[in-house]
Every structure is written in C-alpha cells, then in structure tokens.
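Understanding the architecture of this molecule
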Amino acid sequence: LLAYQKLNEKKAATQKEIEKLNQAIQKHNDWLVSYNKGEKFECIGKDFSMYDLSFFSFKKAKLNKCIFHGSNLTGANFQETELEDADFRKANLSGTNFQEADLENSDFRKANLSEAIFFKANLRNAKLCEANLTRPIFIDANLDDANLFGVTLSDTLISEIEIVRSLIEKEKHDQYSFAAILR
C-alpha cells in the first residue's frame with residue numbers, strides 16, 4: 001500500500017511539473033510572437049527524462065545541460081536553441097528540428113534521430129554512438145570531433161558539413177563515399 005501511495009504521489013508531482021512546463025512554454029511562445037516581449041524560456045540543467053514533449057516548440061530557448069534521457073521529442077522544434085551539454089540518450093527525436101541549434105558536447109547515444117533536421121547545427125564534440133540516423137538532413141552542420149561510431153546511416157542527406165577528427169565506423173558504411181561529400 002505504501003509503495004502504491006508513493007507511486008501516485010510521484011505521478012502527481014510529474015503531472016504538476018508538466019503543467020509548469022506547459023505554462024513556461026506558453027510564456028516562451030508568447031515571447032516569440034510578441035517580438036521578445038515577455039518571458040524567454042531558460043532552463044539550465046533541468047531533468048526532463050521520460051517526458052512526452054512531442055511537438056513542443058523550444059525555439060530560441062536556452063536549455064543547456066538539460067536531460068531528456070528516454071523522452072519522446074517527436075517533431076519538437078529546437079530551432080536556434082542553446083542545448084550545449086544536453087543529454088538526449090535513448091530519446092525519440094524523430095522529425096525534430098535542430099536548425100541552427102547549438103548542440104556542442106550533447107549526448108545522443110542510442111537516440112532515434114530519424115528524419116531530424118540539422119541545418120547549420122553545431123554538433124561539435126557530440127556523441128552520436130549507435131544513434132538511428134535514418135533519413136536525417138545534415139546541411140552546413142558542424143560535426144567536428146563528433147563520435148559517429150556505430151550509427152545507422154540510411155538515406156542520409158549530408159552536404160557541406162565540417163567533420164574533422166570525428167570517429168566513423170568505416171566497416172559499417174563502406175557504401176558511402178565520405179571523401180566525396182565532406183569538405
């Protein structure tokens with residue numbers, strides 16, 4: 001009975017956290033549409049593990065060091081968002097927009113990044129080990145020092161990216177000519 005009561009208390013606390021997050025995101029969206037009048041969403045080091053934040057817009061927010069481990073972020077918008085040192089391990093990021101996002105030192109190990117957009121994104125020193133990269137878009141992205149070991153690349157659009165000193169598992173991707181597409 002005590003364990004059941006604690007579980008219900010945890011669910012209620014999580015629901016309150018999600019309500020607070022919804023309110024903060026609404027204020028942030030109001031800030032976006034009112035041309036920077038109101039509250040910009042800034043949240044440093046917050047733990048959003050296992051949250052369902054699908055289709056949320058975090059555009060231009062500051063979310064450095066936040067933890068999204070195992071979260072559902074399908075279709076979320078992180079355009080122009082600061083996400084340095086963010087933890088996206090095992091998160092579902094399919095269809096997520098990371099256009100011009102700062103993702104330096106972020107961790108995407110075993111994340112689902114299918115159809116994610118990384119146009120002009122900074123992924124310097126990011127960990128993408130064993131991530132699902134099916135049909136993502138990497139255009140003019142910075143992948144310097146990124147770890148791409150064990151990623152699944154399938155129908156990946158890669159154009160004009162920076163990829164110096166990055167780890168790539170050659171045996172797994174012999175069908176791709178990285179030299180031809182990387183400058």
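The coordinates are above.
Model, not experiment: these values are computed from the prediction. (Residues numbered from 1 in each chain as written. Predicted model: local features only at pLDDT ≥ 70, side-chain atom pairs only at ≥ 80, totals over all residues. Heavy atoms only, no water.)

**Brief notes about the packing of aromatic side chains**
Tallied over the entire structure, the rule returns 14 aromatic pairs. Pairing Phe88 with Phe98 gives two aromatic rings, centres 5.9 Å apart and planes at 80°, and the pair type is edge-to-face. Here Phe88 is found in the loop between α1 (2–33) and β1 (132–134), whereas its partner Phe98 is found in the loop between α1 and β1, with 10 residues between them in sequence. Accessibility expressed as a relative area gives 0% for Phe98, which makes it buried. Judged by centre distance (6.0 Å) and plane angle (85°), the rings of Phe98 and Phe108 are edge-to-face. With Phe98 in the loop between α1 and β1 and Phe108 in the loop between α1 and β1, the pair connects residues that are 10 residues apart, well separated along the chain. Each member of the pair, Phe98 as well as Phe108, carries the same accessibility label: buried. Aromatic rings pair up to connect Phe48, Tyr51, Phe56, Phe58, Phe68, Phe78, Phe88, Phe98, Phe108, Phe118 and Phe138 into one cluster. Here the basic side chain of Lys46 rests over the ring of Phe48, its NZ or CZ set 5.8 Å away from the ring centre. (Phe/Tyr/Trp six-rings, centres within 6.5 Å; stacked < 30°, edge-to-face > 60°. Helix = DSSP H or I, 4+ residues; strand = E, 2+ residues; numbered from the N terminus. Buried < 20%, exposed > 50% of the residue type's maximum accessible area, 1.4 Å probe, protein only. Lys NZ or Arg CZ within 6 Å of the ring centre and 35° of its normal.)

**So, the nonpolar core**
Of all hydrophobic cores here, the largest spans 43 residues; its most connected members are Phe88, Phe98 and Leu113. When sequence neighbours within four positions are dropped, the list of residues in contact with Leu113 reads Leu93, Phe98, Phe108, Phe118, Leu128, Ala131, Asn132, Leu133, Thr134 and Pro136. (Core = buried A, V, L, I, M, F, W, Y, C linked by side-chain atoms within 4.5 Å. Contact = heavy atoms within 4.5 Å.)

**Concerning the pattern of salt bridges**
For the structure shown, the criterion picks out six salt bridges. With its nearest N and O atoms 2.6 Å apart, the salt bridge here joins Arg89 to Asp87. Classification of Asp87 as buried rests on a relative accessible area of 11%. Residue Asp145 is joined to Arg124 by a salt bridge in which the shortest nitrogen-to-oxygen separation is 3.8 Å. You can see Asp145 sitting in the loop between β2 (137–139) and β3 (147–148) and its partner Arg124 sitting in the loop between α1 and β1, a full 21 residues away along the chain. Given the relative accessible area of 27%, Arg124 is considered partly exposed. (Salt bridge = Lys/Arg side-chain N within 4 Å of Asp/Glu carboxyl O.)

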